[in-house]
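The lines below spell out each chain.
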Amino acid sequence: MNRVEFDPLAPKGVPARRAAWRGVLLVAAATSLLVTAGCSTRRVTQPAPVEDRSGASATEVKPLPGAENAGKPGYFTVRPGDTLYRIALESGQAWRDVQAWNNLANPNLIEVGQVLRVAPPAAVAPGAQTTSAAPTAVTAAPVAAPGVVARPLTAGNAPAPATSPPPTPAADTPVASSEELQFVWPAQGSVIAPFDEAKNKGVAISGRVGDPIVAAADGRVVYAGAGLRGYGNLIILKHNNTYLTAYAHNQALLVREDQAVRQGQKIAEMGSSDADRVKLHFEVRRQGKPVDPLNHLPKR
């Protein structure tokens, strides 16, 4: 007959052998908890690794192109919302020239704070326009505009025949020998919005869709497109190293970039592109600065 042993310290009615095994299990469990607690304590008290990036960030930040020329005559610091086309217009230059002077592979990729040359490399004058602005963000590419309607020259808009066609001037050659010019009216309508240097950098001339727009003076087309927000289908003529004229909101453009035009030649048809009504927005810029066109046009 098997004997059942009882442990006097075990709970009442529990055999000694079962109580012994329970004691072994309790000891093992307690040991496991202590080991686990010890490991957890070591992991918590060990400091987390810290990566010092202060030195790396200082060496990785690269200055924007041309930053050493900021504020100098003949240079322009890109501001939020600027495009190469607008910078060229405000500087009195052809956008392709500005692109070439700054070795820009893509004219749509410029950054706020970037410093661009806006005067010929060999002709930076002390009085050249400069603009400075603190960089705040990266500027995206210029706003995409709808396609420009272009029409071929016809007998109705071609210049009067000449014995020999005028040569197309070089990109850096002024078209007029005199800096002061005699302009003609670019459209036949009446002025419906006067010049205001702060709000309206030109004058608005009324008319009907398709009315002819003519060149105010001899010149060269330095821009023909729709890449400047607020101008719609736009033509910019460079007349000499002093004067530019701009013709905005056209329905159709009849000339191309780098083309030489004569005073009175039809260059566009009036429209309402990027405007609230049919009109011509006409600007005269002297060394890139907007001036009142009525001071340069014949009195009516």
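Here the structure is shown first, and the text comes after it.
Reading the values: the criteria
- Residues numbered from 1 in each chain as written.
- Predicted model: local features only at pLDDT ≥ 70, side-chain atom pairs only at ≥ 80, totals over all residues.
- Heavy atoms only, no water.
- Helix = DSSP H or I, 4+ residues; strand = E, 2+ residues; numbered from the N terminus.
- Buried < 20%, exposed > 50% of the residue type's maximum accessible area, 1.4 Å probe, protein only.
- Contact = heavy atoms within 4.5 Å.
- Areas by Shrake-Rupley, 256 points an atom, 1.4 Å probe, with all protein chains shown as cover.
- Pairing = 2+ DSSP bridges.
- Phe/Tyr/Trp six-rings, centres within 6.5 Å; stacked < 30°, edge-to-face > 60°.
- Core = buried A, V, L, I, M, F, W, Y, C linked by side-chain atoms within 4.5 Å.

**Remarks on the overall build of the chain**
When helices and strands are tallied, the chain shows four helices and 12 strands. Counting every position in the chain, which comprises 300 residues, the buried fraction comes to 40%. Expressed as a percentage of contacts within the chain between residues at least 6 apart in sequence, the contacts between residues at least 24 apart total 66%. Only carbon and sulfur atoms are counted for the fraction: they give 56% of the accessible area of the chain, which is about 17600 Å².

**Focus: helix α3 (residues 84–91)**
Buried residues dominate α3, accounting for seven of its eight residues. Listed as buried for α3 are L84, Y85, I87, A88, L89, E90 and S91.

**Focus on the pairing of strand β6 (residues 219–225)**
Along any regular strand, the residues point their side chains to alternate faces of the sheet. Counting buried residues along β6, six of its seven residues qualify, which places the element largely inside the surrounding structure. Across two bridges, β6 lies against strand β9 (residues 260–261) in antiparallel orientation. Note that in β9 the partner of R220 across the bridge is A260. As paired strands, β6 and strand β7 (residues 233–238) are joined by five bridges and run antiparallel to one another. Pairing of R220 across the sheet is with K238, part of β7.

**Regarding the packing of aromatic side chains**
A complete count under the given rule lists four aromatic pairs for this structure. Between Y85 and Y223, the aromatic rings sit 5.3 Å apart at their centres with planes inclined by 50°, giving tilted as the arrangement. Within this pair, whereas Y85 is found in helix α3, its partner Y223 is found in strand β6, the two being separated by 138 residues in sequence. Judged by its relative accessible area of 15%, Y85 falls in the buried class. A centroid spacing of 5.8 Å and a plane angle of 80° characterise the contact between F183 and Y243, whose relative ring orientation is edge-to-face. With F183 in the loop between β2 (115–117) and β3 (191–193) and Y243 in strand β8 (residues 243–253), the pair connects residues that are 60 residues apart, well separated along the chain. Judged by relative accessible area, Y243 falls into the buried class, the value being 1%. The structure contains a cluster of three or more aromatic residues connected by ring pairs, namely Y85, W95 and Y223.

**Observations concerning the nonpolar core**
In this structure, I235, Y247 and I267 are the most contacted members of the largest nonpolar core, which totals 27 residues. At the level of elements, β4 (203–206), β7, β8, β10 (266–270) and β11 (279–286) are the ones that each hand at least two residues to this core. Setting aside residues up to four positions removed in sequence, I235 forms contacts with V221, Y223, T245, A246, Y247, N250, L253, V255, I267 and A268. Formed by 23 residues, the second largest nonpolar core is a distinct cluster that contains V78, A94, I110 and A246.

Just distances and angles here, no functional claims.
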